[in-house]
Amino acid sequence: MVNENCYKLGAEPSVIRSLFAYGLQQAAVAGPDKVYDYSLGNPSIPAPAAVNASIKDIIDGMDSIQVHGYTMAPGLSDARQSVAEDLERRFSLPVKAEELFFTCGAAPALISVIKALAVSEDSEIMLLAPFFPEYLPFVEHNGARAVIVAPDTRSFQIDRDKVETLLSPRTQAIIINSPNNPSGVVYSRESLEALAALLERKGAEYGHPIYIIADEPYRELVYDGVEVPFIPCIYKNTIVCYSYSKSLSLPGERIGYVYVPGFVQDSRELYTAISGAARIMGHVCPPSLMQLVIGRCAGERPDLAAYDENRRLLYGSLSAMGYECVKPQGAFYLLVKAPGGDSMAFSEKAKLQHNLLLVPADGFGCPGYLRLSYCVAKDMIERSLPAFKALLG
Ligand code: PLP
C-alpha cells in the first residue's frame, strides 16, 4: 500500500514534461531542426561569467572539507549578509542576515512558508490566475486550501474586486508572482497598492494579518525599463521567496531564499515556523558551494539581450500574423490566445502537424490560452514562424 495522494501526484502526467519528451522523441525521428519546442522554462543564457569564475576560485582556493560540508540550516552568515546588503542597496530597506533563510530554490521556499501559515485544515491561500501550476500541490498537500481568483484577461493585472469577493477570515496569504509565469506581465505599482490597501483593511477586520507571499524568481528579468515594485516596500506583511534559478541561470544548482522582513507582524515566530517547516521537508542546508558563490555574486545581474531579442521577434511576428498575444514585460514567457478558443485542441494540432510544442495554459488557471517559453535559440523561433502561419491558414 502507498499513500494515495502521493501516488496520484507521481502518476499524473505533467503536460509540460510530456511535450518536452515528445520533442526529444521527434527530434530523433525528424531531426532537431524540425522540432519547435516552447515547452520548458529552462534558462538559455549562460550563468554570468563571475559565477563560473567564483566556482573555480572557491574549488581551487578553499579547503575542500569546508566547501562541501554542512552549513547551518539557514545558510552561511557571510553569504546571507551579502544578500542582505544587496537588497538594502537596491530597495533602500534595512535588511538583516538573520531575516534570510537560504533554501534549495523557490519551490521549497514557497512550501515552507505555506506550511508555516497553514494553521488549521481550512486555512486558505489565495492564488491569482494565471499562476505557476505547482502552487496547487504546494498548497493542497501542505495543509491549506487553494482559493483561485480567475484572471482578468483584459490586462492580466490584479483584479482587486475579485480578490475582495474571495477573501475570508480563513485567508492566511495570497501568492503574488511578478514578473508572472505564464503571462510575462509585471504587476503595476498602482495594482499592488490597491491590493495592499484592501489587505490592510480586511486584515484589520479579521483581526489577523493576511500575508503576501511574493514569489520572485523573475525579479530581474524585465524589459524596456519597466518597474518591478519590491512588495515589502508597499505592503508591510510581505514574505519574499526568491530563487537564483532564472536570474543567474542556475536552476539545477538549487539555491534561493525566504526573506522575512523584521517589520512583518510576528516576524520571528514566522521565521522560526518556516525553519521548522523546512526541517519537516528534510532541509539540512542548500548546497554549500552555491551558498559560497552567492556570497560572492549576490550583486550579479543577468544579461537579458538574448531574451529581449527573442521576446521582440516572437511577440512582433505572432501579433503581425493575427495572434492575440499578451505583451510580455518580464520573465521569458509569452501568453497567446488559442485561435478557435480550445487551447488543448490547438496545442495538439500544432504538435501533430508541425512538431510545434505549445503548452495549454489550462493548468495555469487560464483556459483558452497557450504558454510559449522563449528561452530558446533565436533561430528556432525563426524556423518555427511558418508553422504558426500555417496553423492560422
Ligand atoms: N515560481 C515560479 C513562478 C516559477 O516559474 C518557478 C519555476 O519555474 C518556481 C517558482 C520554482 O523555481 P525553483 O527552480 O527556484 O524552485
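Model, not experiment: these values are computed from the prediction.

**Q** Any chance you could explain the environment of Gly41 here in plain terms?
**A** When you line up the elements, Gly41 lands in the loop between strand S1 (36–37) and helix H3 (49–61). On the basis of relative accessible area, Gly41 is assigned to the buried category, the value being 16%. The spatial distance from the C-alpha of Gly41 to the C-alpha of Glu124 is 28 Å, given a sequence separation of 83 residues.

**Q** Any chance you could explain the site of the ligand here in plain terms?
**A** Every one of the 14 residues lining the ligand counts as a neighbour, but Ala106, Asp215, Tyr218, Ser243 and Arg254 are closest to it. Contact distances for the ligand include 2.6 Å between a nitrogen atom and a side-chain N or O atom of Asp215. Between the ligand and the protein, one listed contact pairs an oxygen atom with a side-chain N or O atom of Ser245 at 3.0 Å. The fraction of the free accessible surface of the ligand (400 Å²) that becomes covered by protein chains is 91%. Residues that form the shell around the ligand fall into these classes: 6 nonpolar, 5 polar and 3 charged.

**Q** Sorry, what's going on with the domain arrangement of the protein chain here?
**A** In many reports, interface size means the accessible area that the parts give up when they come together. For the protein chain, the domain assignment lists domain 1 (4–47 + 303–392) and domain 2 (50–297). Taking only C-alpha atoms, the centre of domain 1 and the centre of domain 2 are 26 Å apart. On the domain 2 side, the residues contacting the 30 residues of domain 1 number 33 residues. Approximately 2,500 Å² of surface area, both sides summed, lies buried where domain 1 meets domain 2, with 63% of it carried by carbon and sulfur atoms.

**Q** How should the nonpolar core be read in this particular structure?
**A** Considering soluble globular proteins, one finds that nonpolar side chains tend to be buried as a cluster. If you look at the biggest cluster of nonpolar residues, it comprises 66 residues, and the most contacted ones within it are Val163 and Ile176. If we skip the residues at most four places from it in the chain, Val163 touches Met126, Leu128, Val149, Ile158, Ile174, Leu195 and Leu198. Listed in part, the 33 residues of the second largest apolar core include Tyr38, Tyr223, Leu314 and Ala387.

**Q** Please explain helix H1 (residues 4–11) as it appears in this structure.
**A** In an α-helix, one turn spans 3.6 residues, which is why side chains three or four residues apart end up on the same side. Within H1, only 0 of the 8 residues are buried, which leaves it mostly out in the open. With a side-chain oxygen lying 3.0 Å from the backbone nitrogen of Asn5, the N-terminal cap of H1 falls on Asn3.

**Q** It is not clear to me how the packing of aromatic side chains should be interpreted in this structure. Could you clarify?
**A** Where two aromatic rings form a pair, the distance of their centres and the angle of their planes describe that pair. Considering all chains together, one arrives at 17 aromatic pairs under this definition. Ring pairing ties together the aromatic residues Tyr38, Tyr323, Phe346 and Phe388, which thus form one cluster. Its end group placed over the ring of Tyr271, Arg268 keeps NZ or CZ at 4.5 Å from the ring centre. Sitting over the face of the ring of Tyr22, Lys351 holds its NZ or CZ atom 4.6 Å from the ring centroid.

**Q** So what exactly am I meant to see when it comes to the sheet that holds strand S8 (residues 256–259) here?
**A** Backbone-to-backbone hydrogen bonds join strands into a sheet, with any given pair of strands oriented parallel or antiparallel. Spatially, the 7 strands line up as an open sheet ordered S2-S8-S7-S6-S5-S3-S4, and their pairing is mixed. Each of the sheet's edge strands pairs with one partner strand only, and the pair in question is strand S2 (100–103) and strand S4 (145–149). When strand polarity is set aside, the average angle formed by the axes of neighbouring strands in this sheet is 20°. Of the pairings in the sheet, the one linking strand S3 (residues 124–128) to S4 comprises 5 bridges and is parallel in character.

**Q** What is the right way to look at the sheet that holds strand S9 (residues 325–326) in this model?
**A** Taking strand neighbours across the sheet as the criterion, the 4 strands line up as S9-S10-S13-S12 in an open arrangement whose pairing is antiparallel. Looking at strand neighbours, the two that pair on one side only are S9 and strand S12 (359–360), the edges of this open sheet. Two elements, S12 and strand S13 (residues 369–373), share 2 bridges in a ladder whose sense is antiparallel. In the strand pairing of S13, Val359 is matched with Arg371. Sitting on the sheet, helix H13 (residues 343–354) is in contact with S12 and S13, with an inclination near 45° to S13.

**Q** Is there a simple way to explain the environment of Ile148 in this structure?
**A** Summarising the element assignment, Ile148 is placed in strand S4. On the basis of relative accessibility, which here comes to 40%, the residue Ile148 falls in the partly exposed class. Once the C-alpha coordinates of Ile148 and Phe131 are considered, the two residues, 17 residues apart in sequence, prove to be 9.3 Å apart.

**Q** What's the story with the side chain of Ser245 in this structure? I'm lost.
**A** Turning to its location among the elements, Ser245 is positioned in the loop between strand S7 (238–243) and S8. With relative accessibility at 5%, the residue Ser245 sits in the buried group.

**Q** Would you explain the side chain of Asn181 in this entry?
**A** Mapped onto the secondary structure, Asn181 falls in the loop between strand S5 (171–177) and helix H9 (189–206). Among the polar contacts made by the side chain of Asn181, one reaches the side chain of Arg371 at a distance of 2.9 Å. Once you skip the residues sitting within four places of it in the chain, Asn181 turns out to touch Pro130, Phe131, Phe132, Tyr218, Tyr333, Phe364 and Arg371.

About the criteria used
Residues numbered from 1 in each chain as written. Predicted model: local features only at pLDDT ≥ 70, side-chain atom pairs only at ≥ 80, totals over all residues. Heavy atoms only, no water. Helix = DSSP H or I, 4+ residues; strand = E, 2+ residues; numbered from the N terminus. Buried < 20%, exposed > 50% of the residue type's maximum accessible area, 1.4 Å probe, protein only. Near = heavy atom within 4 Å. Polar contact = N/O pair within 3.5 Å; in protein donor to acceptor, adjacent residues only side chain to side chain. Areas by Shrake-Rupley, 256 points an atom, 1.4 Å probe, with all protein chains shown as cover. Nonpolar A, V, L, I, M, F, W, Y, C, P; charged D, E, K, R; others polar. Domains from an automatic or database assignment. Contact = heavy atoms within 4.5 Å. Buried area = accessible area lost by both parts, 1.4 Å probe. Core = buried A, V, L, I, M, F, W, Y, C linked by side-chain atoms within 4.5 Å. Phe/Tyr/Trp six-rings, centres within 6.5 Å; stacked < 30°, edge-to-face > 60°. Lys NZ or Arg CZ within 6 Å of the ring centre and 35° of its normal. Pairing = 2+ DSSP bridges. Axes fitted to C-alpha atoms, helices over the stretch in contact; angles between N-to-C directions.

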